[in-house]
Amino acid sequence: MSFSYIKQTAQRFHRSTASITRWLKRIEPAPCSSRRRKIDKEALIKDVEDYPDAYQRERAARFGVSPKAIWQALKRWGLTYKKNSASSQGRRRGTTAVPGKNR
């Protein structure tokens, strides 16, 4: 590539010539690693079905992870918890939605 081509491209996209040069050096995307998840999807679904009223911190203790990891897994896999405002004796009561099972 000629420098004039890099300069024209940088001006067109309002980027520095250094950025364009770096991008050209790494055309191929970096290989992404498939990391092993600590939380098994099937085990989490079973836990949600067995303990629908459990707090995320309780699930986190059972799985040995942080409550944020439980929250992220529930969000990633589409598992939701819906509160029922008309619960008896001020205790929370809700329904748990597991995709494909409660429809």
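Structure: see above.
Residues numbered from 1 in each chain as written. Predicted model: local features only at pLDDT ≥ 70, side-chain atom pairs only at ≥ 80, totals over all residues. Heavy atoms only, no water.

Participant: Account for the overall build of the protein, naming residues and giving values.
Facilitator: Looking only at helices and strands, the protein has 5 helices and 2 strands in total. For the protein, the α and β elements follow one another from N to C terminus as α-α-α-α-α-β-β. Counting over 103 residues, the protein shows a buried share of 20%. (Helix = DSSP H or I, 4+ residues; strand = E, 2+ residues; numbered from the N terminus. Buried < 20%, exposed > 50% of the residue type's maximum accessible area, 1.4 Å probe, protein only.)

Participant: Account for the environment of I45, naming residues and giving values.
Facilitator: For I45, the position within the fold is in helix α3 (residues 41-50). In sequence terms I45 and W77 are 32 residues apart; their C-alpha atoms lie 9.3 Å from each other.

Participant: A description of helix α1 (residues 3-12) should follow, citing residues and the corresponding values.
Facilitator: Residues I6, T9 and A10 constitute the buried set of α1. Buried residues along α1 cover an arc of 100° about the axis, so they all sit on one side. Among the exposed residues of α1, those pointing more than 90 degrees away from its buried face are Q8, Q11 and R12. Against α2 (17-25) lie the buried residues of α1. After α1 finishes, the residue H14 shows a positive phi value of roughly 55°. (Arc of directions from axis to C-beta. Contact = heavy atoms within 4.5 Å.)

Participant: Lay out the packing of α3 against helix α4 (residues 56-63) in plain terms, naming residues and giving numbers.
Facilitator: The description of two helices packed together rests on the angle between their axes and the distance between the axes. At a closest axis distance of 12 Å, the pairing of α3 and α4 adopts a crossing angle of 135°. The pairing of α3 with α4 is recorded here as oblique in orientation. Remark: the crossing between α3 and α4 carries right-handed chirality. Each of A43, L44, D47 and V48 in α3 lies in contact with α4, whose residues at this interface are R59, R62 and F63. Per-class residue counts for the contact of α3 with α4 are 4 nonpolar, no polar and 3 charged. (Axes fitted to C-alpha atoms, helices over the stretch in contact; angles between N-to-C directions. Parallel < 35°, antiparallel > 145°, perpendicular 65-115°, else oblique. Left-handed = near helix turned anticlockwise from the far one by under 90°. Nonpolar A, V, L, I, M, F, W, Y, C, P; charged D, E, K, R; others polar.)

Participant: Which residues make up the pattern of salt bridges, and what are the values?
Facilitator: Within the structure shown, the criterion is met by 3 salt bridges. Its salt-bridge partner being R59, residue D47 comes within 2.7 Å of it at the nearest N-O pair. Of this pair, D47 sits in helix α3 while R59 sits in helix α4, and the two are 12 residues apart along the sequence. Just as D47 is buried, R59 falls in that class too. As a salt-bridge pair, D47 and R62 come within 2.8 Å of each other at their nearest N and O atoms. Separated by 15 residues along the polypeptide, D47 in helix α3 and R62 in helix α4 bring together distant segments of the chain. Given the relative accessible area of 7%, D47 is considered buried. (Salt bridge = Lys/Arg side-chain N within 4 Å of Asp/Glu carboxyl O.)

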